[in-house]
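The residues making up each chain are set out below.
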Amino acid sequence: MASILMKTALSLKTGVALLFLTALRLTPAADATIVGLNQIVTPEIQPTGVLGLSAQLEHPAIGNSQEIQFELGITPRFEAAWFQGLKPNEGFFSTEFNLVQKEGHLLSVGVLNWSTRGGDPQPELEYGYYTDKDRFVAGTIYANREAELLLGYKRLLSDKIALAADFQSGSANSLTFGVVYNFTPDLSINPAIYWTNSHPHHFLGYVVVTWNIAVWKPK
């Protein structure tokens, strides 16, 4: 049984790797960056026509331990995303709409984590203030039958490296610290450490690799 489980896990990881290699060989690059922080969504919208394809591994205590993500900018103010969990098998649908985009100020609303297993969708509201080097985010999300606080910060150290931290209140969530490294403008990796809100506190690992693909060019 252990051998079968190990082979299954390896085949899933191999499939994800092949998916990324296929994208690298067959698709044009898209000049875009990761949308989101380690744990929380952010108020900016995925660029129009750009598909963010991600593979994520994390400790099972955080959530689905193996996940593939698809995030597409449909208009300059609207995006939709699908998160397909592999272990366990569960899908999540999310959307976000930007209300304000003006001189570094962003305000967005969204409906997140609509589960194929019947979980209630989670409405969220977020404000962001972005400068050339710093990104500040604050907002709220209704999850686990309560309103939870969202806070986030990212510091761009260079074109290749950024530091990210975020916090979501609630016993099921965490305070996180992570690094984003851009291999190219379109291919990046984001490892992070989660420090759980629940007692006793635990440090948990997380990593996501993202490749941005130009599906179409906006007119």
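Keep in mind the model is a prediction, meaning the values are calculated, not measured.

Participant: Looking at this model, I keep getting lost on the overall build of the protein. Mind explaining?
Facilitator: In terms of helices and strands, the protein carries 1 helix and 12 strands. Element order for the protein, N to C, with α for helix and β for strand: α-β-β-β-β-β-β-β-β-β-β-β-β. Taking as baseline every contact in the protein between residues at least 6 positions apart, the subset at least 24 positions apart corresponds to 40%.

Participant: Even after reading the chapter, I still don't get the pairing of strand β7 (residues 134-143), so can you show me in this structure?
Facilitator: Regular strands place side chains that alternate from one sheet face to the opposite one. Here strand β6 (residues 122-130) runs beside β7; their pairing, made up of 7 bridges, is antiparallel. Within β7, the residue paired with E126 across the bridge is G139. With antiparallel pairing between neighbouring strands as the criterion, β6 and β7 make up a hairpin whose turn holds 3 residues. Judged from the 10 bridges that link them, β7 and strand β8 (residues 146-156) form a sheet pairing that is antiparallel. Bridging across to β8, R135 finds its partner in K154.

Participant: Could you clarify how one ought to interpret a nonpolar patch on the surface in this entry?
Facilitator: On the surface, L157, I161, L163, V179, Y181 and F183 cluster together to form a nonpolar patch covering roughly 490 Å² of accessible area. Going through the elements one at a time, β9 (161-168) and β10 (174-182) are the ones with two or more residues in the nonpolar patch. Mapped onto the elements of the fold, V179 is located in strand β10. Exposure remark for V179: the relative accessible area of 34% places this residue in the partly exposed category.

Participant: Explain the pattern of salt bridges to me, please; I cannot follow it from the model alone.
Facilitator: Any two side chains of opposite charge can pair, so long as their charged atoms come close to each other. Counted by the stated rule, this structure contains 1 salt bridge. Between R155 and D134 there is a salt bridge, with its nearest N and O atoms 2.8 Å apart. Within this pair, whereas R155 is found in strand β8, its partner D134 is found in strand β7, the two being separated by 21 residues in sequence. Take R155: its relative accessible area is 32%, and that puts it in the partly exposed class.

Participant: Would you take a moment to explain the packing of aromatic side chains for this structure?
Facilitator: Two aromatic rings, taken as a pair, are described by how far apart their centres are and by the angle between their planes. A complete count under the given rule lists 4 aromatic pairs for this structure. Seen from their ring centres, F136 and Y153 are 5.1 Å apart, and the 40 degrees between their planes marks the pair as tilted. Note that F136 is positioned in strand β7 and Y153 in strand β8, a separation of 17 residues in sequence. Judged by its relative accessible area of 30%, Y153 is partly exposed. Ring geometry for Y194 against Y206: centres 5.4 Å apart, planes inclined by 50 degrees, an arrangement best described as tilted. With Y194 in strand β11 (residues 187-196) and Y206 in strand β12 (residues 203-214), this residue pair connects regions lying 12 residues apart in the sequence. Y206 gets classed as buried once you look at its relative accessible area, which sits at 9%.

Participant: Got a minute to help me understand the nonpolar core in this structure?
Facilitator: If you look at the biggest cluster of nonpolar residues, it comprises 9 residues: L37, I40, L106, L112, Y130, V137, I141, L150 and A164. Residue assignment for this core shows that the elements contributing at least two residues are β5 (105-115) and β7. With sequence-adjacent residues up to four places away left out, V137 is seen in contact with I40, T42, P43, E126, Y127, G128, Y130, L150, L151 and G152.

Participant: Explanation requested: the side chain of S94 in the structure shown.
Facilitator: Inspection of the secondary structure puts S94 in strand β4 (residues 89-102). Residue class for S94 comes out buried when judged on its relative accessible area of 6%.

Participant: Hey, could you run me through the sheet that holds β10 in this one?
Facilitator: Adjacent strands of a sheet form backbone hydrogen bonds with each other and so pair up, either parallel or antiparallel. Taking strand neighbours around the barrel as the criterion, the 12 strands line up as β1-β2-β3-β4-β5-β6-β7-β8-β9-β10-β11-β12 in a closed arrangement whose pairing is antiparallel. For this sheet the average axis-to-axis angle between neighbouring strands, irrespective of direction, equals 20 degrees.

Participant: Help me out: how do you make sense of the environment of L86 in this one?
Facilitator: On the secondary structure map, L86 appears in strand β3 (residues 78-86). In the structure, L86 is positioned 19 residues away from E67 in sequence and 5.5 Å away in space, judged by C-alpha atoms.

Participant: What is the right way to look at the environment of F97 in this model?
Facilitator: Along the polypeptide, F97 turns up in strand β4. With a relative accessible area of 36%, F97 lands in the partly exposed category.

Participant: For this particular structure, what's the right way to read the confidence of the model for the protein?
Facilitator: In low-pLDDT regions, the fine details of the predicted coordinates are not to be read closely. Averaged over every residue, the pLDDT of the protein is 85; residues scoring 70 or more account for 84%. The model gives residues 1-34 a pLDDT under 50, and that stretch makes 44 contacts with residues more than four places away or in other chains.

Conventions used here
Sequence order as written defines the numbering, with residues in each chain counted from 1. Two thresholds apply to this predicted model, a pLDDT of at least 70 for residue-level local features and 80 or more for giving and counting side-chain atom pairs, whereas whole-chain, interface and lining totals are computed over all residues. Computation of side-chain values covers all heavy atoms of the structure but excludes hydrogens and water. What counts as a helix is a DSSP run of H or I of at least four residues, what counts as a strand is a run of E of at least two, and both are numbered from the N terminus. Residue contacts are counted whenever heavy atoms from the two residues lie within 4.5 Å of one another. Two strands are counted as paired when DSSP detects at least two bridges linking them. For patch detection, residues must exceed 30% relative accessible area and be free of salt bridges, and they are connected within 9 Å for like charges or within 5 Å for nonpolar side chains (Val, Leu, Ile, Met, Phe, Trp, Tyr). With residues, only the protein chains shown are counted as cover, and all accessible areas are computed by Shrake-Rupley using a 1.4 Å probe. When a carboxyl oxygen of Asp or Glu is within 4 Å of a side-chain nitrogen of Lys or Arg, the pair counts as a salt bridge. Exposure is judged per residue with a 1.4 Å probe applied to protein chains only, and the accessible area is read against the type maximum: over 50% gives exposed, under 20% gives buried, and values in between give partly exposed. Note on aromatic pairs: the rings of Phe, Tyr and Trp (six-membered ring only in Trp) are paired at centre separations within 6.5 Å, and the planes decide the class, stacked below 30 degrees, edge-to-face beyond 60, tilted for the rest. Among the buried residues, those of types Ala, Val, Leu, Ile, Met, Phe, Trp, Tyr and Cys that are joined through side-chain atoms within 4.5 Å form a nonpolar core. Only C-alpha atoms enter the line fits that serve as axes; for helices the fit covers just the stretch in contact. Angles between N-to-C directions range over 0 to 180 degrees. What pLDDT expresses is the predictor's confidence in each residue, scored from 0 to 100.

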